[in-house]
Each structure stands twice: as C-alpha cells, then as structure tokens.
Amino acid sequence: MKRFRRHGQESHRDKLKQELYQFNKTVEHGFPHQPSALGYSPSLQLLAIGTRSGAIKLYGAPGVEFMGLHEENAAVTRVFFLPNQVRNIYPSNIYHCPYLFSLFFSAPPSVTRITAVLAHSSGELLLLGTEGGHVFVVEVPGFRELEDKNITPEGRRNLESVEDLQENPLNPRQVLVGYGRGLMVLWDLDVKCAVQHFMGSQLESVWWMPDGEHILSSHSDGSYCRWMVNGEDTQNEPEKEVPYGNFPCKAITKIIQLPTTRGPPFLIFSGGMPRASYGDRHCISVISGKTHVALDFTSRIIDFFVIGEGERALVVLVEEELVVVDLQTEGWPIIQTPYLVPLHSSAITCSHHVSGIPLKLWERLQTAGKLQKTHYSSKPWPLIGGKNLSPDPPQRDLLLTGHEDGTVRFWDASGVCLYPMYKLSTASVFQTDADLNDNMNQGLEGEWPPFRKVGCFDPYSDDPRLGIQKIHLCKYSGYLAVAGTAGQILVLELNDESLEQSVEGTLVDLLQGQEGFRWKGHARLEEREESVNFPPGFQPFALIQCQPPAVVTALTLHSEWKLVAFGTSHGFGLFDYQQKNTVLVRCTLNPSDQLAMEGPLSRVKSIKKSLRQSFRRIRRSRVSMRKQHTNNAAKLQEINARMEAEALQEMELAPVQRKIEARSSDDSFTGLVRALYFADSFLSDSTHNTPSLWAGTNGGSIFAYTLRLPPTERRAEEPVTAHPAKEIQLMHRAPVVGLLILDGRGAPLPEPLEVAHDLARSPDMQGSHHLLVVSEEQFKVFTLPKVSSKMKLKLTAVEGSRVRRVSVAWFASSRTEEYGENGLVVLTNLGDLHVLSLPHIKMQVHYPCIRREDISGIASCVFTKHGQGSTCCQTLLGASEYFNNNVMLSPAGFYLISPSEFERFSLSARWVVAPKCLVEAPHQASTSSGKHHKSRAQPDGVAVGHR
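Residues numbered from 1 in each chain as written. Predicted model: local features only at pLDDT ≥ 70, side-chain atom pairs only at ≥ 80, totals over all residues. Heavy atoms only, no water.

A. Quick peek at the packing of aromatic side chains. Considering all chains together, one arrives at 24 aromatic pairs under this definition. An angle of 70° between the planes, with centres 5.9 Å apart, marks the rings of Phe541 and Tyr577 as edge-to-face. Taken together, the residues Phe541 in strand E40 (residues 537-547) and Tyr577 in the loop between strand E43 (571-576) and strand E44 (581-587) connect sequence positions 36 residues apart. With relative accessibility at 15%, the residue Phe541 sits in the buried group. On the basis of relative accessible area, Tyr577 is assigned to the buried category, the value being 2%. Members of the aromatic cluster, connected to one another through ring pairs, are Phe23, Tyr847, Phe863, Tyr895 and Phe905. For the cation-ring pair, Lys254 lies above Phe304, with the distance from its terminal atom to the ring centre recorded as 4.8 Å. If you follow Arg281 out to its NZ or CZ, it ends over the ring of Phe451, 4.1 Å from the centre. (Phe/Tyr/Trp six-rings, centres within 6.5 Å; stacked < 30°, edge-to-face > 60°. Helix = DSSP H or I, 4+ residues; strand = E, 2+ residues; numbered from the N terminus. Buried < 20%, exposed > 50% of the residue type's maximum accessible area, 1.4 Å probe, protein only. Lys NZ or Arg CZ within 6 Å of the ring centre and 35° of its normal.)

B. Main features of the pairing of strand E55 (residues 832-837). Burial analysis of E55 places 6 of its 6 residues in the buried class, the great majority of the element. Because side chains alternate across E55, one face comprises the buried residues Asp832, His834 and Leu836, and the other comprises Leu833, Val835 and Ser837, equally buried. Two strands pair when backbone bridges link them, and strand E54 (residues 820-828) and E55 are joined in this way by 5 bridges, in the antiparallel orientation. Pairing of Val826 across the sheet is with His834, part of E55. Connecting E54 to the next strand, E55, in antiparallel fashion are 3 residues, including Gly831 with a positive phi near 85°. With 5 bridges joining them, E55 and strand E56 (residues 843-848) adopt antiparallel strand pairing. Bridge pairing links His834 to His846 in E56. Hairpin connection of E55 to E56: 5 residues between the antiparallel strands, including Ile841 at a positive phi of 55°. (Pairing = 2+ DSSP bridges.)

C. Seen up close, the sheet that holds strand E25 (residues 313-318). Strand order in this open sheet of 4 strands is E24-E25-E26-E27, and the pairing throughout is antiparallel. The sheet is open, and its two borders are formed by strand E24 (301-307) and strand E27 (334-335), each paired with just one other strand. Where E24 lies against E25, 6 bridges are found, and the strand directions are antiparallel. The residue bridging Asp303 from the neighbouring strand is Leu317, located in E25.

D. Spatial organisation of the nonpolar core. One finds Ile268, Phe297 and Leu314 to be the most contacted residues of the largest nonpolar core, which totals 37 residues. Elements with a minimum of two residues in this core: strand E20 (252-258), strand E21 (266-271), strand E22 (282-288), strand E23 (291-297), E24, E25 and strand E26 (321-326). Beyond its immediate stretch of four places on either side in the chain, Ile268 contacts Lys254, Ile255, Ile256, Ile284, Ser285, Val286, Phe304, Val306, Leu314 and Leu327. (Core = buried A, V, L, I, M, F, W, Y, C linked by side-chain atoms within 4.5 Å. Contact = heavy atoms within 4.5 Å.)

E. Highlighting the sheet that holds strand E36 (residues 488-495). Read from one edge of the open sheet, 5 strands run E34-E35-E36-E40-E38, paired in mixed fashion. In the strand order of this sheet, the two ends are held by strand E34 (468-473) and strand E38 (505-509), each with one partner. Going across the sheet, the axis of each strand differs from the next one's by a mean of 20°, ignoring polarity. Across 5 bridges, strand E35 (residues 479-484) lies against E36 in antiparallel orientation. The residue of E36 that forms the bridge with Ala481 is Val491. In the packing of helix H5 (residues 359-371) onto the sheet, contacts are made with E36 and E40, and the angle to E36 comes to roughly 100°. (Axes fitted to C-alpha atoms, helices over the stretch in contact; angles between N-to-C directions.)

F. Layout of the confidence of the model for the protein. Mean pLDDT for the protein: 81, with 79% of residues reaching 70 or above. Between residues 602-609, whose pLDDT stays under 50, and residues either more than four places distant or in other chains, the model counts 12 contacts. A low-confidence stretch, residues 866-888 (pLDDT under 50), is modelled with 85 contacts involving residues beyond four sequence positions or located in other chains. (pLDDT = per-residue confidence, 0-100.)

G. Layout of the UniProt feature "repeat: WD" (unreviewed entry) in the protein. UniProt's entry tags residues 394-412 with the feature "repeat: WD" (unreviewed entry), counted in the numbering of this structure. The span residues 394-412 is 0% helix and 63% strand, and its two end C-alpha atoms sit 13 Å from each other. (UniProt positions renumbered as here; feature names shortened; annotations may be inferred.)

H. Representation of the pattern of salt bridges in the model. This model, assessed by the stated rule, comprises 29 salt bridges. Put simply, Arg144 and Glu139 hold a salt bridge, and the shortest N to O gap is 3.0 Å. Linking Arg745 and Asp743 is a salt bridge whose minimum nitrogen-to-oxygen distance equals 3.7 Å. Residue Arg745 is classed as partly exposed on the basis of its relative accessible area of 42%. Among the residues examined, Asp743 registers a relative accessible area of 2% and is labelled buried. Beyond isolated ion pairs, a larger network of salt bridges with shared partners links Glu28, Lys57 and Glu901. (Salt bridge = Lys/Arg side-chain N within 4 Å of Asp/Glu carboxyl O.)

I. Expanded view of H5. A rise of 1.5 Å per residue sets the reference length of H5, with its 13 residues, at 18 Å; its end C-alpha atoms lie 19 Å apart and thus fit the reference within 8%. Along H5, the positions that sit buried rather than exposed are Leu361, Trp362, Leu365, Ala368 and Gly369. The buried residues of H5 occupy one face: seen down the axis, they fall within an arc of 130°. In H5, the exposed residues that point more than 90 degrees away from the buried face are Lys360, Lys370 and Leu371. Contact partners of the buried residues in H5: strand E30 (398-403), strand E31 (407-412), strand E32 (419-425), E36 and E40. (Expected span 1.5 Å × (residues − 1). Arc of directions from axis to C-beta.)

J. Fine view of the environment of Glu147. Position of Glu147 relative to the elements: it lies in the loop between strand E11 (144-145) and strand E12 (162-167). Residues Glu147 and Val137 lie 10 residues apart in sequence; the distance between their C-alpha atoms is 7.2 Å.

K. Looking closely at the environment of Ala481. Within the secondary structure, Ala481 sits in strand E35. Taking relative accessible area as the criterion, Ala481 reaches 0% and is therefore assigned buried. Discounting residues that sit within four places of it in the chain, Ala481 has contacts with Lys470, Ile471, His472, Leu490, Leu555, Leu557 and Val564.

L. Spatial organisation of the side chain of Lys780. By secondary structure assignment, the location of Lys780 is in strand E51 (residues 778-783). No salt bridge is formed by the buried Lys780; its nearest oppositely charged neighbour, Glu777, is found at 11 Å. (Lys, Arg positive; Asp, Glu negative; His and termini not counted.)

M. Focus on the pairing of strand E50 (residues 770-775). When you tally the buried positions in E50, you get 6 out of 6 residues, the bulk of the element. Every second residue of E50 is oriented toward a common face, with His770, Leu772 and Val774 on one face and Leu771, Val773 and Ser775 on the other, all of them buried. Looking at chain direction, strand E49 (residues 736-742) and E50 are connected through 6 bridges and run antiparallel. Looking at E50, one finds that Gly738 is bridged to Val774. Between E50 and the antiparallel strand that follows it, E51, lie 2 residues.

N. Just unusual backbone geometry, in detail. The residue after Gln547, namely Pro548, is reached through a cis peptide bond having omega 5°. Relative to the helices and strands, Pro548 is located in the loop between E40 and strand E41 (554-558). In the segment running from Leu838 into Pro839, the intervening peptide bond is cis, with an omega of 5°. Assignment of secondary structure puts Pro839 in the loop between E55 and E56. Unusually for a residue other than glycine, Gln45 sits at a positive phi of about 55°. Looking at where Gln45 falls in the secondary structure, it is placed in the loop between strand E2 (35-41) and strand E3 (46-51). Judged by its relative accessible area of 26%, Gln45 falls in the partly exposed class. Of note, the phi angle at Arg733 is positive, near 55°, even though the residue is not glycine. By the secondary structure assignment, Arg733 is in the loop between strand E48 (721-729) and E49. Here Arg733 falls in the exposed class, since its relative accessible area comes to 53%.

Structural data, given as structure tokens:
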C-alpha cells in the first residue's frame, strides 16, 4: 500500500509541475548577427534580412516580427519577395533552395551558381542569372524551368557572370541583362531576342529609370553612365560621370535614381570613393540638386533601398546596424529605429533586469531620454506592414546593459521590441581621452567628399578601464549604482534638471596596509577636478575608488539604509553614500593569491600566451619524463588534462573581456568576492532581528557583519557601524555564487522598500530563519542564528555541473490563481536550467537552454527577478490579475546568442509568451501566434517565417 500511495503522490506532484513549469524560448532582441542580404516588399511593406547562418527575419510595424531558419547552415546572399505570391526567395546558391538544386544538379558548377535574380512583376516568373552568363527563366510557384524562354549569350561568347537583371518599368516584357565585362542586353521575353545592346566598361549594377527611356549603369572605375533606350540596336555614347574626380576610385557597387514630387531627383549610390585617400570608407552618396552628402558608416554596406513615394526614406543595411535616413526633412536626419537597434554599439559587458517599474520613474526616464534624441527625425517609422495584435504589456520592464565604453543603456523590455529609452555615460566623471561631444553628425566645413558620420555603432573604447561590470538599480528610490573595470563605483540619482558639479572620490584600501603585495595591473581612473555639466537623468553624487583598482566582481545597494556594498578579488567594503564615508573594509586576499595582484587587463591580453606557456610546460614535462625513464602514458594524460583545463579557463575569460572569473581547479583567487547580500534577520540571537551584510568568496568563505543603523531622525548625523558576527568556511571550498535568507514561512526576504510600497508581505519574524548558501557545487541550508547545517543538495553528481547563475522566482499555477510556489532558478556551466523548490531544496525540473560550448551565452545570462516582463503575455486561462497582487508574472531570462542579439526565454506554464501579429494580403489573412517552426510558404498571400 505504501508503494501505491507513493506512486499516487508522485503522479500528483508531476501534474502540479506541469501546471507550474514550462520552458519556452520566446523572442530574439537586437540586430541579426552577420547579415548578408536585404529585401523589401512595397505591397506588404515588410523588410527581410538574411544572415550567413541561413536565417531569414521579416520586420514590419513595431511588434510585427517573423523568423525562419533554413535547415542547412548556408549563407543567404539574396532575399526577394515575389509579386502577387506568398513566398520569399533566398537563392544564395543551388544548394540553398531544393527546387533549384534538383533543377540544375546536372549542370556544371560555373553555370549554376546564381549571381543575379529578378522577381518579375507578373508574379509568374523568376529570372536567374548565373556565373556562366546564362539566364534561366523559372515558372513560379511550381519552380518549373521554361527552357524556351531562357536567355543564352549570343554565339556562346564568354561575357563573364550576369551582374544584374532589371525589368522595364513601362514594358514588363522587356528585361535588361547586365554582364560583368560591360555588355548590357535589352531582351524581349515575347520575341525571345535582343532588342538593343549597350557596351560599357566593367559593370557593377544597372538601374532602369522610372520613365523607361533611360538606363543608369555603375562601373568598377568609380563612374556611372546614363544611356538612352530607343529600341534601335545602334551604339550611342552615354553621358559619363565620375562623382569624385579623375583620380582612381573604387567601384560604384549599386546606383539608383528616383524622382520627387517637388525639386530635383535623388541620385543615390554606394562606393565610388577615391581609392588612395578614402578607399577604406563605407559610404553611400546622396545627391539632390546642389545638396551632396556622403553618408559615412562604421561597418561594411550590405545593401540599401528607398521606401515611399511622396515621403522618401533611405534604408541602409550595414554589417552592424540598420540605418534609416529621412530624405524629406531638411538636413536628412536619421529616423530612430524601434527595433533592430545595435545592442553592441559598444561591446556589452554586463546586464541587469528590473521589472514592474513605477510609472513616475518610467516617465522621468522617458523625459530624460527624449532630450538625448533631439537630433533624430520627427517622422514616424516608415515600415508599417502587418498588424501587431499583442495586448499592451501588463507591466513596465527595463533591461540595463553595461558597455565597454563606460555607458549604461536603458531599454524598454516590456514588449516584443527592445526599444532604447535612455543612455548614461560615466566617462565624463574621469580624466580620459573619450570624446564628450558625442555628436557624430557634423563633418568638417568644406571637406570633400562631404562626409557625414551616421549610425551609432562604435566598437572602439578610448579607455578599457571605463568598462561597466556591475549594475544595481532601485526602482523605488531612483538610486543607481554602477561599478567598473578599474575598481570604480558610482552612486547616482535621477534628476530632472541639468546640474554642474564635481564628484569627489573616496579611496578605499582593500589591502588594509598588508605588506608584501604589489599591484601589477592598470592604474586607477583619476576623477576630474573641475566641475562637469551633467544633463537631466542619472547624475553621480558619490564615487568610491577601490585600491588596488581591480575589477568589481560583486555589487549591491540598499536604498532604505543608504548603503552600497562592493567586492573585488582583494576583499569587500561597505560605503554610506548619504554621509559619504566608509563603514567597513575587509581584506579577503590569501597570501597565495599572487594572480589577484596582476590585474585583469594583463591576464586577458592574449590567450595565445597562456596556451604557449602550457605547451612549453608539457614539452618540459615530456623531456623530464624521458630522462627519468618512467611510464609516461599516465603522466602525459594528466598533463594534457591540466593543459586543457587551463585553456578552457582562459577561454571563459575571452567572451567577457577584463572580467575575473572563478577558477575552481586550483587555489587561485580564493579571496575573490562573488556574492554580497543585505538582510534584516536573526544573527545575534533568536529574539531580535538585526540588519546585516553577508559576503561569499571564491574560496568558500562566508562573512557576516551586523550593522548598527541610527534612528531615522538622526541618520544624517550619526554614523553607521559594522561589527563582525559570523564566519563560515565551506568544507568543499567551492566558490559561493549566491546567498539568500528565508523567513519563517520559507519565503525569501523582500527587497528594500518593497514592503513600504505595499508590493510584498512583511517577512515572518516568528518562525526560525534559514540561510541558503549556493556554491558552484551544492546548495546548503543553515539555521539562524546558530548557523548549523540543516540540509544540502549536491549538484556536481550529475555530469560535473557547476552553478553559474542563480535567482529566486515565483511560479504561479496555470490551473488556478490561488496557488503558486517559490523556486530557485539555476543555470549551470553546461547551459542547463534547473528549478529547485524552496525551502526544501528539491530538484523539480531541468531544461537544456544554452549550448555548453556557448561560454559567452552562459556568462551573459541574466534572470528577471520580478517577472517575465516580455512580449505579449497571454494567460492560458484568460486571467489578468497577478497572483495575490504580486508583480511576479513569469520567471524568465536573457542571454546573448551573438554579440548583437539577446534571446529571451520563459519558465512559466501560466504565461505563453510570444509575438502575435497579422500580415494581410489581398483577400486573405494569416495570423502568427507564437509557435516556433520553420518558415513556409502559404497559398493565401502571406509571407510567414517563424522560428
């Protein structure tokens, strides 16, 4: 009977798990990694981007997003929408499209490699130009070759590849074929013969002007020609122009000319720069009458097109961003993109998510952000295809990203689009070579070519010490703490007015005068002595400088107590930012931790150096083993394993440069502080709760300090004091990743000011409290205040897993609004997500989330502490209230899938999180509702591409 009861209980628990937990990857934010092709549908008003990994992404109005991933990992080189059809074609080569593969399988490779594509306006034909000079005509949607309509070079002459195909805008039956050697043939599809020939120099592209009477051709020598179309096969001399002089110029790779409703037409072309002086520039030139501007981009141009009839806008896809230029407004300003924003405009070094932002703080951030965007065009986003059917987000969420150039960017993470709200720069506080003007739109007066910098991608940092490593934002008080690579910690508050002030720094010696240690790393950042004008937004008022200036590895802020705690590889400190004095300094450095004195910049300069040293060690070991005539098989295996472990440890440092990571394979960095935690719990005795600070190190040491806080009315005069209370040493000495105190009900203690704002219940102070210590290898619970071990769960028993990230979340039931559970969400070094129950620390579910080889993705993962806060959230039961008025909607997280893209995931069974949008074609419509599948063509006129 006992066995059957246990089985029944397990079945009930399994059913309950299904109601609580469900893993979904929901949406990708940011800019596609390594884009390779651009397409646009004027009828659907959709933008398509293809990537080198075989992905196709479609974008329309904000919130309208589709994605498809090809089965083969082949680069997409062309993306086309077929008129009056329901599919997009991306023929990078014959192996990328199964229809073309079967069609041209027997032909020689030089003939079948597709170099140009024309989607005929009839929607019935697809013309494919090849490397061998042939043009194959294919019937769509059946992809049947029409052999009698194929265009073959006359006399089988070697005309090189087909560079471009253009349709006559006034006569769809005429097609212009441009060959690489300069010949252009006007071909009649009905008569099946050439009507007119044009002979120029090495050809790059052709453009048929809207009047149908003139053709533009661009060439490899930096020139373009204007030809007259008269239907007579007689050679006429073109009008030739070299826009940037008679000096050798680079090729004009693409050219278009469009009329305007008023004023001269727009002539737009890419390339053509003088080779010797500006051959390394990535430029698109725009000429309209006497106005001439060379738009200068910071990365290679992929493609461009012009959208709109009356309201013209130039859309440019470059390798690292999408730029849209308003051609109707004077000065041709940039239009702010609501999506596809380059998250990596400076390399991302850390992330921090805050959900449930109060309306007042949200509006103040929006106001400060608008003041930073006055140089953008006021015109609306020109891509309006599709309909966003998502309801308004149930709450306001922020994603904060720290960057290598010392900036912190605030993103609206409430919906499908990750929209930039506000940017904070910390460089102005310090003496660096950074450009404080931050105005990329102005070129030099009288410069030729007339360059103008456009775009926001700028990967170069003037000073790597500025890099942001830790962020902590209190959404209730508006206080923000950021910490950097050179041991600097800034405390900032939100101000609606500009302020001119100097920021005084407080030097904190974490070594506490210990002798025998010498810092070999970078020097600290010197603060500016003169006053600095800080614009509205977050303004610094306190600066703490750690000495030695090592990377800040832990940071936490308690806005109610006006305290900030910080830790490095040398120790941790506590700072009172109201009185601006140091409360506590504790050195955790072990005498054997000599590597902690070298500094991160010196250690991460070159992985090659480390690998070279490893190979030298193994070479010396082999020589010594030969001399000793010992059995070298076992020793060689040991040495190889050690070398591989060292190389992997160095590789973990590579994705997030200048950041110290734990090394559990040896005794290095045992004093590195990984976790800091403020709590109000029983530490001295079981009758009086005491404010306290807890710290956990890489060597498995835990330090607890009681804090004496003066009464509120005397807080500004009397100092805060800290006294040592407890010190715990874990037997296995594994790095401490997280610390958490559970109240008498087994629930985590609320965050500062949560109870005061009626957003959390007061903690239970009647029952006994427990300390949960999360190390890389196990979870251990101690009773308080005695700090005696109660229970533990070891994680390393399964495939050598190590904890990398940990967070507490609330899981609401999908069946009823009256039930939910607290859970501990854990990410391991293998990329797996585990959910453990609280307070009993029992494994509930686990999901594969990130590839174990993706060290960068695992290191960048951040959990949402107070809910999902993403995309459109739809409950399975239609419920709209939060559970017990709790703002936790759905446990979720973000991680980098590339330097420029975040993947968002959800762990809740109650909320299905996905974009929901509609794209309509004539007489038909189709809805996309959040399922992940490969893109497929639909016969109803809608291009659908999901992942």
